[in-house]
Amino acid sequence: MNIGGIFLALQGAVSQGILWGVLVLGVYITYKILDIADLTVDGSFALGGCICATFVVGYGMNPFLALIISTLAGMIAGAVTGFLHTVFEIPAILSGILTQIALWSINLRIMGKSNIPLLKSKTIFSGFMELTGLKSSQVSAIIGILIAIILISALYWFFGTEIGSALRATGNNEDMIRALGVNTKMTKMIALMLSNGLVGLSGGLVCQSQKYADIGMGTGAIVIGLAAIVIGDVLMGRLRSFYSRLTSAVVGSIVYFLIRAIVLQLGMDANDMKLLSAVIVALALCVPVAINKYRAKRMYTEGGDENA
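None of the values given here were measured: they were computed from a predicted structure. (Residues numbered from 1 in each chain as written. Predicted model: local features only at pLDDT ≥ 70, side-chain atom pairs only at ≥ 80, totals over all residues. Heavy atoms only, no water.)

A.B. asks: Sorry, what's going on with the layout of surface pockets here?
C.D. replies: Using a probe with the size of a water molecule, rolled over the atoms, empty space left in the structure can be pinpointed. Looking at the largest pocket, its volume works out to about 410 Å³. In this structure, the largest pocket is lined by 16 residues; those nearest its centre are Tyr-28, Lys-32, Asp-233, Arg-240 and Arg-245. If you list the elements that add at least two residues to the lining of the largest pocket, you get helix H1 (3-33), helix H7 (162-172), helix H10 (221-236) and helix H11 (242-265). The dominant element in the lining of the largest pocket, judged by the number of residues it contributes, is H10, at four residues. A per-class count over the lining of the largest pocket returns seven nonpolar, three polar and six charged. Approximately 270 Å³ is the volume attributed to the second largest pocket. The wall of the second largest pocket is formed by 15 residues, among which Trp-20, Gln-210, Tyr-212, Gly-216 and Met-217 lie closest to the centre. Looking at the lining of the second largest pocket, the elements that each hand over two or more residues are H1, helix H9 (184-210), strand E2 (212-214) and H11. The dominant element in the lining of the second largest pocket, judged by the number of residues it contributes, is H1, at three residues. (1 Å grid on protein atoms, 1.4 Å probe; cavity = no way out; pocket = protein on both sides within 12 Å on 5 of 7 lines; lining within 4 Å. Points joined across faces, edges and corners; volume = space filled by probe spheres on them. Helix = DSSP H or I, 4+ residues; strand = E, 2+ residues; numbered from the N terminus. Nonpolar A, V, L, I, M, F, W, Y, C, P; charged D, E, K, R; others polar.)

As far as function goes, none of this settles anything; it's purely spatial.
In structure tokens, the structure reads:
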């Protein structure tokens with residue numbers, strides 16, 4: 001077994017995990033805070049990558065500006081889902097599916113083909129590599145960590161504001177917060193836009209890191225996001241502060257990609273990775289429920305024995 005190859009694979013997994021962690025933060029907003037399973041993610045992630053590649057390669061745009069446009073595009077995708085859900089009262093999961101399906105054709109229209117390479121184009125990573133002489137995976141990890149810290153801090157501040165608190169309350173008890181005069185349709189719209197904006201930003205970052213954008217790069221993104229959130233909860237579930245919970249989303253993403261890299265190094269077929277992701281999510285969701293049921297049954301049994 002090539003130790004050097006494994007080390008490089010793990011190093012690359014960490015850098016990818018951090019960049020995908022931005023997506024996981026977006027999924028966290030809808031899944032954990034708003035209690036909505038938003039399937040727009042698969043489409044908005046690819047949208048961010050496709051737009052970033054198109055503007056950088058086709059128009060020679062500054063890669064930082066391209067990331068901003070990718071973020072705005074993701075927010076627009078989230079707004080479409082929010083509009084379908086809040087105005088026309090289409091169930092959130094179906095609204096996300098409709099937007100996701102539409103985005104596949106839109107992404108193909110934007111790129112004009114199924115794949116755009118960025119091998120000869122400048123990215124936010126290539127400039128830093130030339131400046132420092134570090135490897136691609138190291139630069140991706142450093143920049144990813146800086147972006148993650150900024151985003152987590154900004155989200156922590158935002159959700160402490162009046163609007164952010166109303167958004168969190170909407171997910172906890174929508175009827176109660178509506179009775180207090182809060183427009184829950186607006187809070188849902190804001191959450192979906194913010195979530196998919198982060199997903200679009202992640203798509204642009206991953207696109208620049210891997211040096212290409214592909215029409216199918218968002219396939220299964222929601223599963224990866226859910227797996228990372230569940231893993232983060234398992235690892236850092238005892239930490240109750242909101243900042244720690246946001247951090248756990250990125251940590252879960254890193255651990256997920258490390259697991260995937262290790263499994264691939266052990267000889268698993270890359271085509272089976274989606275199956276592995278589904279199994280990880282299923283186990284992580286089922287195990288806590290099974291443990292709680294076992295504990296409840298044990299307490300009931302012990303209580304029955306004492307009464308006897």
